[in-house]
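Descriptive analysis of the structure
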Amino acid sequence: MASPAFSTNSAFKPGATYDQNGKEVSAADLDHQFGQPSAGPGDTGRMSYEGVISKTAGMVVLAGLLAIPGYMFPNIGLTIGAGVIGFVLSLVLIFKKVTPPALAIAYAAVEGYFLGGITTFIETSYNAPGAGLQALIATACTFAVCLWLYHSGRVRYTPKMQKFLLIGGISYIAFSLVNVGMMIFGGTDSAWGLRTEIEILGIPLGILIGAFAIILACVSLIGDFDFIENGVKNGLPAHFDWKAAFGIVLTLVWLYIEFLRIIAILQGRD
């Protein structure tokens, strides 16, 4: 015997065809529906490459627009404030299972202003006009190369790369915290702390650490691309578009800052 939930609903009777709203569908309606093109990911609420690209592009454009006032009218207080807010938002978004669009957009906005302000500070303090443009070009080229390597199949996000990113990332964070602590509590007088105070074979430690960080960021990008590909193939919900877009933008910000810092350290040696 059928369940009462089914037997009392005419939509479950043999020979009857109904749409998702409970309305009976005629033979002509069915023929029309079968003639329609297949529904894409966007129509079925699934993650899609188009969704990720559009959201990533939107966040990048927003960050670029907010970077303009930060660059043209620098304010050290607002720049530091934007940097702190951006850092807090990034932590919240990293640990949230679902990425709220509003928070992702807010992150792009405040991070854009911060990058604009810090770029002006670097260019003026280290007499490095054009440092921002150089860092921007380097970031764009690195992103393009990583995308090409992944798309062509020459590089894949293997378990070894995952372990490298995990161990390298923890090591980098630990060094950064120690370095900042020493700078705050007077353990070093150098502008960049241990990054410029220590040299290895005549090369500032900051250059070597920066190069290592850029490699980590490249591996992170490969991981982002892998997540996107698997997410689309597995039909993840559309809200993961925002998770992927945030991951890419976060890595791009990291790359830009590392390139900018390397340029500043090199310029400081002239």
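Scroll up for the structure.
Residues numbered from 1 in each chain as written. Predicted model: local features only at pLDDT ≥ 70, side-chain atom pairs only at ≥ 80, totals over all residues. Heavy atoms only, no water.

The next point concerns unusual backbone geometry. Backbone geometry places Asn 127, a non-glycine residue, at a positive phi of 50 degrees. Mapped onto the fold, Asn 127 is located in the loop between helix H5 (101-125) and helix H6 (131-151). The phi dihedral of Leu 201 falls on the positive side, at around 55 degrees, and the residue is not glycine. Within the fold, Leu 201 resides in the loop between strand E1 (199-200) and strand E2 (203-204). (Helix = DSSP H or I, 4+ residues; strand = E, 2+ residues; numbered from the N terminus.)

Ranked by internal contacts, the top residues of the largest apolar core, which has 56 residues, are Met 47, Met 59, Tyr 107, Phe 225 and Ile 228. Elements that contribute at least two residues to this core include exactly helix H3 (49-72), helix H4 (76-95), H5, H6, helix H7 (159-184), helix H9 (205-233) and helix H10 (240-268). With 17 residues, H10 is the single largest residue contributor to this core. (Core = buried A, V, L, I, M, F, W, Y, C linked by side-chain atoms within 4.5 Å. Buried < 20%, exposed > 50% of the residue type's maximum accessible area, 1.4 Å probe, protein only.)

Under the criterion given, the structure shown has four salt bridges. Notably, a salt bridge pairs Lys 233 with Glu 229, separated by 3.0 Å at the nearest N-O pair. Separated by four residues within a single helix, Lys 233 and Glu 229 lie in helix H9, roughly one turn from each other. Given the relative accessible area of 60%, Lys 233 is considered exposed. For Glu 229, a relative accessible area of 17% corresponds to the buried category. Here the salt bridges do not stand alone but share partners, grouping Arg 156, Glu 229 and Lys 233 into one network. (Salt bridge = Lys/Arg side-chain N within 4 Å of Asp/Glu carboxyl O.)

Another point: the side chain of Asn 179. Residue position: Asn 179 is located in helix H7. Of note is the side chain of Asn 179, whose polar atom sits 2.6 Å from the backbone nitrogen of Leu 194. With near-sequence residues (within four places) excluded, Asn 179 lies in contact with Trp 192, Gly 193, Leu 194 and Arg 195. (Polar contact = N/O pair within 3.5 Å; in protein donor to acceptor, adjacent residues only side chain to side chain. Contact = heavy atoms within 4.5 Å.)

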